[in-house]
Amino acid sequence: MPLSASVLIDGPSELVFDYAIPDGLPVRPGCRVRIPLRNRPATGTVLRVAEKPQGDFALRYLTDLVDPEPLVTPELLKLAEWITSYYGTPLEQVIRAFIPASIRGEKTSAKTARAALIEKAPTEEELATMAKRAKRQHAIIELLTGATEPIPVAQLGGSASASLKALSEKGFIKLIDLEVRRDPDAGETIIPTEPFTLNNEQAEALEAVSDSLISEKPDPILLHGITGSGKTEVYLQATQKALDLGKNVIILLPEIALAPQTVRRFKARFNQLDDKIAVQHSHLSQGERFDEWNRIRSGEARIIIGARSAIFAPLRDLGLIIVDEEHEPAYKQDNPPKYHARDLAVVRCRLEKCAVLLGSATPSLETYNNTLLKKYQLVKMTQRADGATLPLTRVVDMRIESRKQKGRDAILSDRLRTAIDERLEKSEQVILFLNRRGFARSLQCPPCGHAIECNHCAIPLTYHRSEERLVCHICGHQAVVPRVCPECKDPAIRFQGYGTEKAEIILNKLFKGYKIARLDTDTTRRKNALRDTLRDFKAKKIHILLGTQMIAKGLDFPNVTLVGVLNADLSLYAPDFRAGERTFQLLTQVAGRAGRGDLAGEVIIQTSTPHSPSIQFARHHDFDGFVTQELEMRKQFSYPPYTHLALLLARSSHERRAEFTLETLHLKLKENLPEGVILGDPIPSPLTRSHSQFRFQLLLRGPNARVLSRHIKKILDATPTPEDVIVTSDLDAYDLG
Ligand code: ADP
Ligand code: ZN
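Position numbers for residues start from 1 in each chain and track the written sequence from start to end. Each chain gets a letter, beginning with A, and each ligand a number, beginning with 1, in the order they are written. This being a predicted model, a pLDDT of at least 70 is required before a residue's local features are given, and a value of 80 or more before pairs of side-chain atoms are given or counted; all residues contribute to the totals for chains, interfaces and linings. As a rule here, side-chain values cover all heavy atoms of the structure and leave hydrogens and water aside.

Here's the deal with the overall build of the protein chain
As a reminder, the rule being used: Every helix listed is a DSSP run of H or I at least four residues long, and every strand listed is a run of E at least two residues long, numbered separately from the N terminus. With the radius of gyration taken over C-alpha atoms, the globule rule is written as 2.2 Å times the number of residues to the power 0.38. The rule is simple: take the accessible area with a 1.4 Å probe, protein chains only, and divide by the maximum for that residue type; under 20% is buried, over 50% is exposed, in between is partly exposed. Whether two residues are in contact is decided by their heavy atoms: any pair within 4.5 Å suffices. Only four residue types enter the tally: Lys and Arg on the positive side, Asp and Glu on the negative side, with His and both chain ends excluded. Note on charges: their place is set at NZ of Lys, CZ of Arg, CG of Asp or CD of Glu.
When helices and strands are counted, the protein chain shows 22 helices and 29 strands. For 737 residues, the compact-globule estimate of 2.2 N^0.38 gives 27 Å, and the C-alpha radius of gyration of the protein chain, at 29 Å, lies within 12% of that figure. Over its C-alpha atoms, taken along the principal directions, the protein chain stretches across nearly 105 × 75 × 50 Å. Across the 737 residues that make up the protein chain, the buried fraction comes to 54%. Nonlocal contacts in the protein chain, meaning residues at least 24 apart in sequence, comprise 74% of its contacts between residues at least 6 apart. Looking at charge distribution, the protein chain has the averaged site of its 100 positive side-chain charges lying 3 Å from that of its 92 negative ones.

Written as structure tokens, this is what we have:
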């Protein structure tokens, strides 16, 4: 049967064309091929190989293979198929995500430098003459004779050097092109570290991983260790164990740009293996990414540290995948394929029979539930490894403050303000958090703290300003905006919000003479802005660091003794069933930032609902208490982890058409709705307009992920949508719009 290949053409157009495969050419998915394109030669990557449609004579033949080895390993192809069947994303889109554009494209290539090596050693006699008549040539020969590797000509007087020319003309030396690595961390000095002697809890955790490494069918391990319990040390020693067994390791970090310290710790420990570590993240240049990826594929790199897409690293002999901060939403990809890297780590481990270690101080409920179901093994670490104590956490009732200060925008309570003053006086440092997401979206009464919720779904209703109404983002229930608070009858029920920008202005006024820096998505757009600010903070050039949750994790500043959360309600009353979980995580992580060194730490949380469970459990560092009550709520209202959830989104520059499309889909989804699936009503997205497009969405929930995604795919495939409406679906969605 003649075969055809779908080829993703190199270049920015991202076109896919089908070509017939010449008889006998071993073309497989992932192979690089040469093809004719508009009568010109071009190159591309094979996404799929299929039987050539009968009677289709129009297909042109592809020319040949660029490289007989495909760019993706057979195991990764299986992972790609899994993603296709689970998320319903076409295989070609999945494979596209597997291979970075810089690898697929022709524009980036290996960087080379001219180098010289001995071709034919001069005789004693020739050498002696040279020593007298051509000192420079003699010196070069001496250098090259002593070298074990070719020496770049830049170190020998440059490519234009007459001596080099003469030597090569006489046949003594040969000039070659040497591949040089663009090392993202070149020039950084790293002091090697020795492994710590593990404490008992750490030793137990390491043993669980060691067992897993030699097991035939290892279960994923959840390492639930409080901040500072020494999880990173366990990762380091577990990595060593895998290497000792001749196996390779992938380490995933949620946002690698935020974790330069973690990367450095790996480099420091595996210093002698420096060229065995590869990094993969979006802050690399195209060239660096190209080099790092090729070092992985060639088998040179044995430890990969990367952000979520590093889960696709074409690494062979995989022994262990570590997912640090496994609860982080950053592991969820927001473009198709909308995969979750932690979940893929578990799948990849099953496919490649390797160990997987998920670490967190605040595990996600999904993962924690899997330990309850005995699908994952649970290991706990409850003590700080460096002997520090957990900081004292205080909760300040902002209802009282807002009455006291009579002002709107009471951003600092007296207590927090005094505490900041004290630290500044002692030359200690302060971190302040302000979670800007959720800004002005739910209606919360400042005087009493009451937030208006949906009776059916236990989440706050979202305020849609344009239509002046309240909408539930889970089920679609709508309500009018009340004139006074239903609870305390105060007419001030209108969210008075402020973001980091305004907070910065106020802080600058309050703490004159001190340096305040702000870190959020706006201030970190410039390359290295984040790194530079963190460096200055570490060097104590900055006194107060104000930031969104982007700085909540992983940072380690011994001189920070006070952490303030300006408004915990912003995340707590976000219109999302995970709001309580996120708030608990945020507060716990934030608390972990204080008192990392010898100095005692203090955390002050400002809120209008001081008795809410997420805040109280976080304050008492009570994870078990928190999950017990949170799982109860999730079960009662059929939320994950008891169901899977899919978000269907229609967007268009035509408002009516987007809305109508989603309504049509809603009707069709309703017919033959699989058993147990709950279908929400279509609603305008919280982000009603984005990039001048109108957005409408609906949510589905069901016990089985595949049943859900199959049903959606079936309906989407069978329902033609207007050309200017784009419909996307997101299984296991994190961002609910
Ligand atoms: P986590 O990753 O859980 O937040 P870390 O691995 O960063 O914790 O450890 C917290 C601190 O304790 C670090 O400064 C680390 O160097 C130190 N540490 C870790 N393990 C040990 C140990 N076994 N003995 C002494 N200090 C340790
Ligand atoms: Zn509802």
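From this point, the discussion proceeds with the structure in view.
Structural notes on the coordination of the zinc ion (ligand 2)
What counts here: Listed donor atoms are N, O and S within 2.8 Å of the metal (Na, K and Ca: 3.2 Å). As water is not included, a site may look incomplete. A site with four donors is called tetrahedral when every donor-metal-donor angle falls between 85 and 135 degrees; four donors are called square planar, and six octahedral, when opposite donors sit more than 155 degrees apart and all other angles fall between 65 and 115; any other arrangement is irregular.
Every protein donor of the zinc ion (ligand 2) is accounted for by Cys454 (SG), Cys457 (SG), Cys472 (SG) and Cys475 (SG), and the metal-donor separations fall at 2.3 to 2.4 Å. If you look at the zinc ion (ligand 2), its four donor atoms make angles of 103 to 117 degrees with each other, and the shape they trace is tetrahedral. Along the chain, the residues donating to the zinc ion (ligand 2) are arranged with the sequence spacing C-x2-C-x14-C-x2-C. Here Cys457, found in the loop between strand S17 (429-433) and strand S18 (462-464), pairs with Cys475, found in the loop between strand S19 (469-471) and strand S20 (478-480); they are 18 residues apart in sequence, far enough to count as distant.

Notes on the pattern of salt bridges
Defined as follows: The salt bridge criterion pairs a side-chain nitrogen of Lys or Arg with a carboxyl oxygen of Asp or Glu, the two atoms within 4 Å.
Under the definition given, this model contains 24 salt bridges. Among the ionic pairs, Arg535 bridges to Asp532, the shortest N-O distance being 3.5 Å. With Arg535 and Asp532 both in helix H16 (residues 529-538), this residue pair falls three residues apart, about one helical turn. The partly exposed category is assigned to Arg535, whose relative accessible area is 47%. The class of Asp532 is buried, set by a relative accessible area of 19%. A salt bridge links Arg656 to Glu659; the shortest N-O distance between them is 3.0 Å. Here Arg656 and its partner Glu659 are both found in helix H21 (residues 655-670), three residues apart, which amounts to about one turn of the helix. Judged by relative accessible area, which is 25%, Glu659 ranks as partly exposed.

Considerations on the side chain of Ser652
As a reminder, the rule being used: Counting of polar contacts relies on pairs of N or O atoms within 3.5 Å, with two restrictions inside protein: one atom must be capable of donating a hydrogen and the other of accepting it, and residues adjacent in sequence are counted only when both atoms are side-chain atoms.
Turning to its location among the elements, Ser652 is positioned in strand S25 (residues 644-652). Only 2.9 Å separates the side chain of Ser652 from the backbone nitrogen of His654, close enough to count as a polar contact. In contact with Ser652, not counting residues within four places along its chain, are Ala658, Gln693, Phe694, Asp724 and Val725.

Comments concerning the site of ligand 1
The cut-off we apply is this: Near residues are defined by distance, with any heavy atom within 4 Å of the molecule or strand qualifying the residue. Using the Shrake-Rupley algorithm and a 1.4 Å probe, accessible areas are obtained, with residue cover drawn only from the displayed protein chains. Following the grouping adopted for this structure description, the nonpolar residues are Ala, Val, Leu, Ile, Met, Phe, Trp, Tyr, Cys and Pro, the charged ones are Asp, Glu, Lys and Arg, and the polar ones are all others, Gly among them.
Surrounding ligand 1, one finds 17 residues, the nearest of these being Gln202, Gly228, Lys231, Thr232 and Arg265. Contact between ligand 1 and Gly230: an oxygen atom at 3.0 Å from a main-chain N or O atom of the residue. Within the contact set of ligand 1, an oxygen atom lies 2.8 Å away from a backbone nitrogen or oxygen of Lys231. In isolation ligand 1 exposes 560 Å². Once the protein is present, 80% of that is buried. No other element matches the three residues that helix H8 (residues 231-244) contributes to the shell around ligand 1. Of the residues assigned to the shell around ligand 1, the class counts are four nonpolar, eight polar and five charged.

What to know about helix H18 (residues 579-591)
For clarity, the cut-off: What a helix is expected to span follows from its residue count: subtract one and scale by 1.5 Å.
Taking 1.5 Å of rise per residue, 13 residues should cover 18 Å, and H18 covers 18 Å from first to last C-alpha, within 8% of that figure. With respect to burial, H18 is a largely interior element, 12 of its 13 residues being buried. Within the span of H18, buried status applies to Ala579, Gly580, Glu581, Thr583, Phe584, Gln585, Leu586, Leu587, Thr588, Gln589, Val590 and Ala591.

Describing the packing of H18 against helix H20 (residues 623-636)
The cut-off we apply is this: To get an axis, a line is fitted to the C-alpha atoms, and for a helix only the part in contact is used. The angle between two axes follows their N-to-C directions and goes from 0 to 180 degrees. Any angle from 65 to 115 degrees is called roughly perpendicular, while one under 35 is roughly parallel, one over 145 is roughly antiparallel, and all others are oblique.
Taken N-terminus to C-terminus, the directions of H18 and H20 make an angle of 170 degrees; their axes are 11 Å apart at the nearest point. In this view, H18 runs roughly antiparallel relative to H20, as classed from their interaxial angle. Here H18 contributes Gly580, Glu581 and Phe584 to the contact with H20, which in turn contributes Phe623, Phe626, Glu630 and Arg634. Residues that form the contact of H18 with H20 fall into these classes: three nonpolar, one polar and three charged.

What about the domain arrangement of the protein chain?
Our working rule: Throughout the structure description, domain borders are defined by an automatic or database domain assignment.
Taken as a whole, the protein chain is organised into domain 1 (3-104), domain 2 (111-180), domain 3 (200-381), domain 4 (392-439 + 498-629) and domain 5 (644-731). Placing a centre on the C-alpha atoms of domain 2 and another on those of domain 3 gives a separation of 45 Å.

Quick word on the environment of Arg582
By the element assignment, Arg582 lies in helix H18. You can call Arg582 partly exposed: its relative accessible area is 23%. Each C-alpha atom, one on Arg582 and one on Cys31, is 42 Å from the other, the two residues being 551 residues apart in sequence. Not counting chain neighbours up to four residues away, the residues in contact with Arg582 comprise Pro329, Asp576 and Tyr734.

Comments concerning the side chain of Glu401
Assignment of secondary structure puts Glu401 in helix H13 (residues 398-405). Within polar-contact distance, the side chain of Glu401 engages the backbone nitrogen of Asp414 at 3.3 Å.

Examining the sheet that holds S18
Counted only if it meets this: Between any two strands, pairing holds if DSSP finds at least two bridges.
If you walk across this open sheet you meet the three strands as S18-S19-S20, and the pairing is antiparallel. What marks the edges here is a single partner per strand, and that holds for S18 and S20. Taking the axes of each pair of neighbouring strands and ignoring which way they run, one obtains an average angle of 35 degrees across the sheet. Direction of pairing for S19 relative to S20: antiparallel, over a ladder of three bridges. Within the sheet, the bridge partner assigned to Arg469 lies in S20 and is Val480.

Focus: the packing of aromatic side chains
Heads up, the rule is: Aromatic rings from Phe, Tyr and Trp, with only the six-membered ring used for Trp, were paired whenever their centres fell within 6.5 Å, and each pair was classed as stacked if the ring planes differed by under 30 degrees, edge-to-face if by over 60, and tilted otherwise.
In the structure shown here, the tally under the stated rule is 11 aromatic pairs. Here Trp82 and Tyr86 contribute two aromatic rings whose centre-to-centre distance is 4.6 Å and whose plane-to-plane angle is 10 degrees, an arrangement assigned as stacked. With a gap of four residues between them, Trp82 and Tyr86 both fall in helix H1 (residues 74-87), about one helical turn apart. Summarising the burial analysis for this pair, Trp82 and Tyr86 share the class buried. With 5.0 Å between their ring centres and 80 degrees between their planes, Phe537 and Phe557 make a pair best called edge-to-face. With a gap of 20 residues between them, Phe537 in helix H16 and Phe557 in the loop between strand S22 (544-547) and strand S23 (560-565) connect regions that are remote in the sequence. Neither residue differs from the other here; Phe537 and Phe557 are each classed as buried.

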